[in-house]
Amino acid sequence: MKIHEYQAKELFRACGIPTPDGAVATTLAEAQAAAQKLGLPIVIKAQVHVGGRGKAGGVKVVTDPKQVVPVAEKILALTIKDLPVRKVLVTPAANIAKEVYLSILLDRGARKVVFIGCADGGVEIEETAKTAPEKILRLECSAKELANLPKDKLLPFAGKLFSDASQANQAADIMAKMGKLFLEKDCSLVEINPLIVDDKGQVIALDAKVLLDDNALYRHPELVTLRDMDSEDADELNAKEVGLSFIRLEGSIGCMVNGAGLAMATMDTIKHFGGAPANFLDVGGSSDPKKVVAAFKYILKDPAIKVILINIFGGITRCDDIARGILASLKELTVPVPIVIRLIGTNEAEGRALLKGTDLIPAETLEQGATKAAAIGAKS
Amino acid sequence: MSILINADTKVIVQGITGRDGSFHTGQMIEYGTKVVGGVTPGKGGQTILDRPIFNSVAEAVAATGADVSVMYVPAKFAKAAMLDAANSNIKMLVAITEGVPTLDVLEAYEALTAKGIRLIGPNCPGLITPGQCKIGIMPGPIHKPGNIGVISRSGTLTYEIVKELTDANLGQSTCIGIGGDPVIGSKFIDLLPLFEADKDTKAVVMVGEIGGQDEVFAAEYVKTKMTKPVIGFMAGLTAPKGKRMGHAGAIVGGEDDTAASKIAKLEAAGIPVAHVISEVAKLVKARVA
């Protein structure tokens, strides 16, 4: 789960990572009030869940009091990479003597938690990793030591980012706190870009980015409330509540599949045969017929749907339960489009028997089903 | 003719008294797997499906000589169950459970590895040596004994590909679902050498998907170290960027972890990649005389 910079900075403050004051504003009046309280110069920063805000004009320094409202207005009117800006963070402008990149993240390849550092701050780290990999510093940690990272492990790394001993010491302190935050809140990324030294020699997190592990949200109810409902698809979230994985796409062929890998392969196969999938939908491993009804509802919300392809390979999922769910859906809902169905695996004979007499279009294989669905989807 | 498990493998089930655990224990016994007991803390001394229940994995191993534990406990209790396994002399832990917090997996992986215990999963269907031993939730009848190894990050997609192989009269030596999470105990590159060394495996099918770089590292290994043919399949060509596609680990972060980029790297390493499932068997047959 993504959270905004202003929310990440609240987590930073709570665990003692130094970061500038700030106030979040959704209206021009709030932005104006925040600027007056903090005193100019200020920075107004768009709060959206995408990178590259600065390049898109979403981060501006304001020195002239007359410019606060027009600048805030401009940023609040922006749409950055399809996401409308609804909130800005107003924060004092810092005097930057030096800036570096620092993060802690899960390295799935190494199966370790690692600190990543780069003495060039404020840059796009992925770019640097490609063009100048020798500039990227790494420090691996085990899950066990995160709660209490020893300073002698962190200092040599911090020393490579900051030659000044006091600054290196402050950075090592920040790293220990990042490790603790990473562990306590079940993060997958805590990133500070840039981490700066101000004109008083203080090391400060000027930006903050935190990603949270969705699998661990059940033990952090306080973090779930940070979710920005405006930048998420409500259907995708609601589907999750009933145990479905659902993602809306652009095409015309609705998909209902059991298993995430097979759901992706089904979409790919539709594309291979000239069709366009309208969604990713994994009904999950269990066999509750109610989930099938819910799945139909989400698929049919999309007016672009011309046909639905159901592809079930029964394992834990039983084909007769899926068939019962389909029958219930046909009874409860109006399904205005043809359904192509491929049903195989556990209890397939029972499932097929239940569906006898319906006008579902049967397919023996995924490829046959995808071909049939693509042919119907291609008709206008 | 297999890797990791065979007809002699003795299995215990963590979470044997739960709904999923007891159901799949029954299925495994029916397939012929030597299930010798189960673990449910607090229910030690009782029996289920004529098998003894123990309070801990260590007790179960001491009493039964089990080699492998398969875990069906809910995600909230998975870390405790995995650490319990790490505190025993079991040889391998197969974690079926989906939705385990990543840091829990990481800590358990560290503890298991320190004891030399192999972890398969979590969030996986398990593994099967057809006709000998089934550990997990895959449907038994679609498999057939033979010489093709299968390694996959998926569940039902693996069944689809296995059925394709079986229908084409290509039996399997061992099929392993390694799991769809960001951190898993055994990756492609950890298992390919076992198939390379197994005299009865003639070719390996590698089923990958979007997210991470495991397939790319595996391709490098195949190119430089492996003599047996490897055939690939990658799911997620149509997956949008930045969206978690069901599996916690299936998310396109950058340009390198898309299906298209992986297919290109596999093909560059000399691994033929099937574009639809029906091509898998054809590509295997073309390389296995």
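Residues numbered from 1 in each chain as written. Chains lettered and ligands numbered in written order. Predicted model: local features only at pLDDT ≥ 70, side-chain atom pairs only at ≥ 80, totals over all residues. Heavy atoms only, no water.

Caption draft 1: View of the nonpolar core. Val94(B), Leu192(B) and Phe233(B) are the most contacted members of the largest nonpolar core, which totals 99 residues. For this core, the leading source of residues is helix H9 (residues 260-272) of chain A, giving 7 residues. In this structure, Val94(B) is in contact with Val68(B), Ser69(B), Val70(B), Met71(B), Ile120(B), Cys124(B), Gly126(B), Leu127(B) and Ile135(B), ignoring residues within four places of it in sequence. Listed in part, the 72 residues of the second largest apolar core include Ile3(A), Val113(A), Leu181(A) and Ala95(B). (Core = buried A, V, L, I, M, F, W, Y, C linked by side-chain atoms within 4.5 Å. Buried < 20%, exposed > 50% of the residue type's maximum accessible area, 1.4 Å probe, protein only. Helix = DSSP H or I, 4+ residues; strand = E, 2+ residues; numbered from the N terminus. Contact = heavy atoms within 4.5 Å.)

Caption draft 2: Main features of the sheet that holds strand S8 (residues 126-129) of chain B. Residues and elements named next belong to chain B. Read across the open sheet, the 7 strands follow the order S9-S8-S11-S10-S12-S13-S14; overall the sheet is mixed. Across the chains shown, the open sheet's two edge strands, defined by having one partner strand only, are strand S9 (133-136) and strand S14 (273-274). Pairing geometry for S8 and S9, over 4 bridges, is antiparallel. Note that in S9 the partner of Ile128 across the bridge is Lys134. (Pairing = 2+ DSSP bridges.)

Caption draft 3: Geometry of the interface of chain B and chain A. Listed as interface residues are 57 residues of chain B and, on the opposing side, 49 residues of chain A. Together, the buried faces of chain B and chain A total about 4100 Å²; carbon and sulfur atoms form 60% of this surface. The largest per-residue losses of area from chain B upon contact with chain A belong to Leu103(B), Glu160(B) and Thr238(B), which jointly make up 16% of the total buried on that side. Linking chain B with chain A are 5 salt bridges, by the criterion used here. Here Glu160(B) ties to Arg342(A) by a salt bridge, and the two come within 2.7 Å at their closest N and O atoms. Counting across the chain B and chain A interface gives 17 residue pairs in polar contact (both at pLDDT 80 or more). Where the side of chain B that touches chain A is concerned, the elements lending two or more residues are helix H4 (102-114), helix H5 (156-167) and strand S13 (230-235) of chain B. Looking at which element gives the most residues to the side of chain B that touches chain A, the answer is H4(B), with 7 residues. Across the side of chain B that touches chain A, the residue classes tally to 26 nonpolar, 16 polar and 15 charged. (Buried area = accessible area lost by both parts, 1.4 Å probe. Salt bridge = Lys/Arg side-chain N within 4 Å of Asp/Glu carboxyl O. Polar contact = N/O pair within 3.5 Å; in protein donor to acceptor, adjacent residues only side chain to side chain. Nonpolar A, V, L, I, M, F, W, Y, C, P; charged D, E, K, R; others polar.)

Caption draft 4: Representation of helix H10 (residues 289-300) of chain A within the structure. The end-to-end C-alpha distance of H10(A), which contains 12 residues, comes to 17 Å, matching closely the 16 Å that a straight helix rising 1.5 Å per residue would cover. Taken together, the buried positions of H10(A) are Lys291(A), Val292(A), Val293(A), Ala294(A), Ala295(A), Phe296(A), Tyr298(A) and Ile299(A). (Expected span 1.5 Å × (residues − 1).)

Caption draft 5: Up close: the pattern of salt bridges. Residue and element names in this part refer to chain A. Using the criterion set out here, one finds 37 salt bridges over all chains in the structure. In this structure, Asp321 and Arg324 form a salt bridge, with 3.1 Å as the shortest nitrogen-oxygen distance. Residue Asp321 and its partner Arg324 are located together in helix H11 (residues 319-332), separated by 3 residues, close to a single helical turn. Taking relative accessible area as the criterion, Asp321 reaches 13% and is therefore assigned buried. Residue Arg324 is classed as partly exposed on the basis of its relative accessible area of 38%.

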